[in-house]
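# Coordinate inspection notes
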Amino acid sequence: FLKLEDKQTTIRILKGNWIVNDSIVIPEGYNLSISAGTTLRFANKTKLISYGAIRAEGTVDNPIVFEAYKIKGKIANWQGIAVLKPSKHSVLENVRVQDTTGVKQASWALTGGTTFYQANVRILDSEFKNNTAEDSINFIESKFEFIRSKILNTSSDAIDADFSTGTVKESAFKNIGYAGGGDGVDISGSKINVFNSDFHKIDDKALSIGEKSIL
């Protein structure tokens, strides 16, 4: 389901319902494009790591779904998504990400079910749910927009922004920190704007502003 295109610098995931049995790693120098209407079901302990930008632009009728591969109804999970130092900006629109536990490699691990490190990203009309990592989304040294999107049923923090700048607008956070202690938006060394957003059933704080941050 992978196709090389655009002068061999873009890897496209073709539209369809795909079972992903091994981790996908997009190397430096390539970008990843995902067709609307695509569902990727990841086997346990697999992940998506991209050193290039991700463009996942679904529609209302044809969203893009990242989820765990469940066998005969058994509870399953996968590690999640990490976008690391891409040269271009990423876009996630009408995307659903669920069942993440946090990306782990042999010698390092990330706290986010979805992580953007030194990345510019725009997230629109998307949903992140059923995350058991420390953060549902972790922005690190990044610039981001999180617009008309939702984070639901996460065991700890919803958004954690470290040394980042960004905007959260017209978004919803519900059932955050159900495992005991979790914030809706937790920022450190960051400058973040939050507009017209709803926080419901937050175990700790809706907004946590620390370490020389401005909100």
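Here is what the cut-offs are and how they apply
- Starting afresh in each chain, residues are numbered from 1 along the sequence in its written order.
- At least 70 in pLDDT is required for a residue's local features to be given in this predicted model, at least 80 for side-chain atom pairs to be given and counted, and no such filter applies to totals for whole chains, interfaces and linings, which use all residues.
- Hydrogens and water molecules were not included; the side-chain quantities draw on all heavy atoms of the structure.
- In these notes, a set of buried Ala, Val, Leu, Ile, Met, Phe, Trp, Tyr and Cys residues joined through side-chain atoms within 4.5 Å is what counts as a nonpolar core.
- Classification of residues uses two cut-offs on accessible area relative to the type maximum, computed with a 1.4 Å probe and protein chains only: under 20% is buried, over 50% is exposed, and between them is partly exposed.
- Throughout, a contact is declared for two residues whenever any of their heavy atoms are within 4.5 Å.
- Secondary structure is summarised from DSSP: a helix means a run of H or I of at least four residues, a strand means a run of E of at least two, and numbering begins at the N terminus for each.
- At least two DSSP bridges between two strands are needed for those strands to be called paired.
- Note on ring pairs: Phe, Tyr and Trp rings are taken, using the six-membered ring of Trp, and paired if centres are within 6.5 Å. Classes follow the plane angle, with under 30 degrees stacked, over 60 edge-to-face and the rest tilted.

### Considering the nonpolar core
Generally speaking, nonpolar side chains in soluble globular proteins are found buried as a group. Formed by 42 residues in total, the largest nonpolar core has its most connected members in Phe66, Phe116, Phe146, Ile151 and Phe173. Setting aside residues up to four positions removed in sequence, phenylalanine 146 forms contacts with Ile123, Phe128, Ile137, Ile151, Ile159, Thr167, Val168, Lys169, Ser171 and Phe173.

### A few points about the environment of asparagine 196
With respect to the secondary-structure elements, asparagine 196 resides in the loop between strand E23 (191-195) and strand E24 (198-202). Considering only alpha carbons, one finds asparagine 196 and threonine 154, 42 residues apart in sequence, at a separation of 21 Å. Apart from residues no more than four positions distant in its own chain, asparagine 196 is found in contact with Glu170 and Ser171.

### A short note on the pairing of strand E7 (residues 47-50)
Judged by which residues are buried, E7 turns out to be covered on both faces: Lys47 and Ile49 on one side and Leu48 and Ser50 on the other are all buried. Bridge analysis of strand E4 (residues 24-26) against E7 gives three bridges, and the strand direction is parallel. In the sheet register, isoleucine 26 faces E7, and the bridge partner there is serine 50. With four bridges connecting them, E7 and strand E10 (residues 80-84) associate as parallel partners. Among the inter-strand pairings, leucine 48 is bridged to a residue of E10, identified as isoleucine 81.

### Digging into the packing of aromatic side chains
Two measures describe an aromatic ring pair: the distance that separates the ring centres and the angle between the ring planes. Summed over all chains, the structure comprises eight aromatic pairs. Ring centres of phenylalanine 116 and phenylalanine 139 lie 5.8 Å apart, and the angle between their planes is 15 degrees; this geometry places the pair in the stacked category. Of the two residues, phenylalanine 116 is situated in strand E13 (residues 112-117) and phenylalanine 139 in strand E16 (residues 135-140); the sequence distance between them amounts to 23 residues. Taken individually, phenylalanine 116 and phenylalanine 139 each receive the classification buried, so the pair is uniform in this respect.

### Brief notes about unusual backbone geometry
What you tend to see is this: most non-glycine residues have negative phi, and most peptide bonds are trans. Of note in the backbone geometry, aspartate 125 takes a positive phi value of approximately 50 degrees without being a glycine. Structurally, the position occupied by aspartate 125 is in the loop between strand E14 (120-124) and strand E15 (127-131). Take aspartate 125: its relative accessible area is 23%, and that puts it in the partly exposed class. Although it is not a glycine, asparagine 175 sits at a positive phi angle of roughly 60 degrees. Along the polypeptide, asparagine 175 turns up in strand E21 (residues 172-176). A relative accessible area of 19% places asparagine 175 in the buried class.

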